[in-house]
Amino acid sequence: MSIEFKNVSYIYSPGSPLEQKGLDQVSFKIKENSFTALIGHTGSGKSTLMQHFNALLKPTEGEITIAGYTINKDTSNKNLKQLRKNVSLVFQFPESQLFENTVLADIAFGPKNFGYSEDEAKELALKWLKKVGLDETVAERSPFELSGGQMRRIAIAGVMAYEPAILCLDEPAAGLDPRGRKEMLELFKEYQESGHTVILVTHNMDDVADYADDVLVMEGGKLIKHATPKEVFADASWLTAHHLGSPTAAKFAQKLAQKGLQLDDEVLTLNELTQALKAKMKAGEA
Amino acid sequence: MVQENIVSMRNVTFTYREASKPAVDNLNLDIPKGSWVSIIGHNGSGKSTITRLIDGLIASDNLEKSKIFIDGVELTPETVWDLRKQIGIVFQNPDNQFVGATVADDVAFGLENRGIARPEMVKRVAQALKDVGMDDYAKTEPSNLSGGQKQRVAIAGILAVHPQIIILDEATSMLDPEGRDEILHIVREMQKRDHLTVISITHDINAVNNSDLVAVVDDGKLLAYDQPDKIFSHTKLLREIGLDVPFFYQVRDSLEAAGVSVPSSISSEEELVNYLCQLNSKM
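What you are looking at is a predicted structure, and each value in this text was computed from that prediction instead of being measured.

Visitor: Break down the packing of helix α5 (residues 147–159) of chain B against helix α6 (residues 177–194) of chain B for me, with residues and values.
Guide: All names here are of chain B. Between α5 and α6, the shortest axis-to-axis distance is 10 Å and the interhelical angle comes to 15°. Overall, the two elements α5 and α6 adopt an arrangement that is roughly parallel. With respect to the hand of their crossing, α5 and α6 are arranged in right-handed fashion. Contacts from G148, Q151, R152, I155 and L159 in α5 reach E182, I183, I186, V187 and M190 in α6.

Visitor: Explain the UniProt feature "domain: ABC transporter" (unreviewed entry) in chain A to me, and be specific about the residues and the numbers.
Guide: UniProt's feature table lists "domain: ABC transporter" (unreviewed entry) at residues 3–245 of chain A, given in the numbering used throughout. Taken end to end, residues 3–245 of chain A has its terminal C-alpha atoms 27 Å apart, with 35% of it in helix and 25% in strand.

Visitor: So what about the nonpolar core? Which residues, and what values?
Guide: Counting 54 residues, the largest nonpolar core has A:I107, A:M160, A:L167, A:F188 and A:V208 as its most contacted members. When residues in this core are grouped by element, the largest group, seven residues, is from helix α5 (residues 148–160) of chain A. Setting aside residues up to four positions removed in sequence, A:I107 forms contacts with A:A125, A:L129, A:I154, A:A157, A:G158 and A:A161. Counting 36 residues, the second largest nonpolar core, distinct from the first, contains B:V260, B:V273, B:Y275 and B:C277.

Visitor: Would you mind going over the sheet that holds strand β7 (residues 166–170) of chain A in detail, with residue names and values included?
Guide: Residues and elements named next belong to chain A. Across the sheet, which stays open at both edges, the six strands sit in the order β6-β7-β8-β3-β9-β10 with mixed pairing between neighbours. Looking at the sheet topology across the chains shown, the edges are occupied by β6 (87–90) and β10 (222–227). Looking at each pair of strands side by side, their axes are set apart by 15° on average, direction ignored. With four bridges joining them, strand β3 (residues 35–39) and strand β8 (residues 197–201) adopt parallel strand pairing. If you follow A37 over to β8, its bridge partner there is L200. Running over the sheet, helix α6 (residues 178–193) touches β3, β7 and β8 and is turned about 150° from β8.

Visitor: I'd like to hear about the environment of B:T49, residue by residue, with values.
Guide: Residue and element names in this part refer to chain B. Checked against the element boundaries, T49 lands in helix α1 (residues 47–54). For T49, a relative accessible area of 6% gives the class buried. Taking the C-alpha atoms as reference, T49 lies 9.7 Å from T15; in sequence the two are 34 residues apart. Excluding residues that lie within four positions of it along the chain, T49 makes contacts with F14, Y16, A23, V24 and I58.

Visitor: Kindly report on the side chain of A:T48, identifying the contributing residues and their values.
Guide: Residues and elements named next belong to chain A. Position of T48 relative to the elements: it lies in helix α1 (residues 46–52). With a relative accessible area of 7%, T48 lands in the buried category. Once you skip the residues sitting within four places of it in the chain, T48 turns out to touch Y10, Y12, G22, L23 and L57.

Visitor: So what about the packing of aromatic side chains? Which residues, and what values?
Guide: All names here are of chain A. Summed over all chains, the structure comprises eleven aromatic pairs over all chains. On the numbers, 4.6 Å between centres and 20° between planes, the contact of F5 with F28 is stacked. With F5 in strand β1 (residues 3–12) and F28 in strand β2 (residues 20–30), the pair connects residues that are 23 residues apart, well separated along the chain. Of the two residues, F5 and F28, neither departs from the other in class, the shared state being buried. On the basis of an interplanar angle of 85° and a centroid distance of 4.9 Å, the ring pair of Y10 and Y12 is categorised as edge-to-face. Looking at Y10, the relative accessible area reads 14%, which means it is buried. An aromatic cluster is defined as three or more aromatic residues linked by ring pairs; in this entry it consists of F5, F28 and F53.

Visitor: Can you break down empty space enclosed by the protein residue by residue, with the values?
Guide: Under the criterion given, the structure shown has three cavities of 30 Å³ or more. A volume near 40 Å³ is recorded for the largest cavity. Considering the residues around the largest cavity, the lining is formed by A:P178, B:I40, B:T202, B:H203, B:I205, B:V208, B:L243 and B:D244.

Cut-offs and rules
- Residues numbered from 1 in each chain as written.
- Chains lettered and ligands numbered in written order.
- Predicted model: local features only at pLDDT ≥ 70, side-chain atom pairs only at ≥ 80, totals over all residues.
- Heavy atoms only, no water.
- Axes fitted to C-alpha atoms, helices over the stretch in contact; angles between N-to-C directions.
- Helix = DSSP H or I, 4+ residues; strand = E, 2+ residues; numbered from the N terminus.
- Parallel < 35°, antiparallel > 145°, perpendicular 65-115°, else oblique.
- Left-handed = near helix turned anticlockwise from the far one by under 90°.
- Contact = heavy atoms within 4.5 Å.
- UniProt positions renumbered as here; feature names shortened; annotations may be inferred.
- Core = buried A, V, L, I, M, F, W, Y, C linked by side-chain atoms within 4.5 Å.
- Buried < 20%, exposed > 50% of the residue type's maximum accessible area, 1.4 Å probe, protein only.
- Pairing = 2+ DSSP bridges.
- Phe/Tyr/Trp six-rings, centres within 6.5 Å; stacked < 30°, edge-to-face > 60°.
- 1 Å grid on protein atoms, 1.4 Å probe; cavity = no way out; pocket = protein on both sides within 12 Å on 5 of 7 lines; lining within 4 Å.
- Points joined across faces, edges and corners; volume = space filled by probe spheres on them.

Encoded structure:
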């Protein structure tokens with residue numbers, strides 16, 4: 001399922017003294033089955049944009065086509081259930097929304113809500129409990145007895161359990177330890193590769209370089225760039241001008257370049273950096 | 001005594017209710033006054049529990065065997081209220097720490113709690129907001145601030161009560177890179193000016209690398225406690241317990257694995273950059 005925004009604007013509190021533009025003439029198309037990173041500063045419009053994906057917010061102007069729905073300012077709030085089953089949003093600190101008595105019941109809530117039977121929901125819950133890296137032994141425990149990192153995984157499992165076609169996550173790995181972070185991102189990548197669309201809101205440029213194939217850059221409610229990670233990170237002065245960082249490997253390559261060692265290719269990841277350095281050293285030996 | 005410790009933990013063990021094993025297990029830890037100490041470890045390793053013990057929010061299993069000293073005074077049910085005034089904690093989620101309707105009210109909250117007289121309070125709030133560069137926002141509603149600004153206000157609220165210890169519990173993990181650098185810069189400036197001790201729980205490897213000391217915690221035990229370069233030389237150990245090492249160590253190891261050998265004496269990014277450039281220019 002692709003996502004298309006056509007000239008979408010959103011105004012908060014229109015007509016009041018607090019009127020503020022959240023989105024300003026945003027147009028783009030995200031291909032089905034892509035891994036898209038959504039980056040930009042706090043207040044750039046990322047969250048506003050994200051809330052349009054399943055019509056939590058509806059455009060003040062313009063139109064969105066997503067999962068078979070067309071959403072504009074006249075779209076009624078009725079009959080959106082199928083859209084919300086297909087397009088799921090995971091907000092920051094999703095663990096604050098856990099509420100059930102047991103871990104399994106919490107994960108099964110989403111599937112049950114979207115029409116799966118009690119048994120099917122339980123089966124899906126067990127499957128995703130394991131997929132997010134938790135042990136079956138926690139299934140019958142209260143989610144509130146577990147560590148923050150475990151609670152985060154449970155909350156994410158609860159959304160992935162009904163297997164939405166489009167999954168959009170806002171900083172899902174913030175505060176997780178490095179291994180936990182990697183495991184979660186690998187899980188989202190695997191989810192994409194098994195035929196879903198993933199949208200990741202993040203400040204971490206290494207995650208953009210390592211996992212995304214498509215990047216949306218927001219600033220002041222406008223989409224200021226839509227390109228591949230290679231294209232976005234190619235222009236260091238553009239990044240600096242917009243207060244955006246580079247992946248760590250790219251910064252390292254810049255330091256090498258400043259001291260006179262220019263690599264032949266643009267590098268964004270540790271692996272690319274290693275290969276480019278190796279090529280340089282091998283070429284020297286020959 | 002060569003060095004004064006602001007925090008000393010002796011044989012401290014703490015077990016959460018219904019947990020099968022202790023979250024903090026016979027821990028001994030000394031934190032020198034005026035230092036910046038990072039505590040690293042995977043989620044659930046006991047890092048936050050240690051800071052909660054230091055703040056007296058929870059008490060160790062056995063108060064006879066376990067001792068915690070803050071600035072030389074033993075932490076007991078009698079002293080905890082006074083000692084806690086020496087400690088301020090900044091948490092991960094800025095939205096969970098606001099109580100005031102305006103930024104200035106929020107910063108004043110801790111002072112009101114301590115019964116500080118109003119003229120002094122007004123003075124301290126103004127100074128603290130200035131220290132964190134938020135003096136233009138005194139009358140702003142906290143909900144209209146960005147994440148980084150909220151964390152700066154949270155820090156102002158702590159500076160206003162003149163503590164000796166600031167604990168950063170993942171305080172920068174929700175911020176964008178600029179916001180993160182700003183917060184670390186502000187805390188470092190205040191640390192120098194007011195001789196504060198900073199205890200930082202973080203997964204941000206660059207912040208860890210800039211600490212005076214690093215404590216590695218695993219399963220509630222202190223695995224290692226040393227200067228950053230000494231800690232990071234144990235790349236294998238850190239990887240085993242699921243932690244990162246600074247990027248230049250990753251580059252070094254990755255090059256080794258790809259057949260480009262790098263001298264093990266290299267212990268900073270600058271040295272590695274220089275070495276690679278020299279290697280290249282010789283060819």
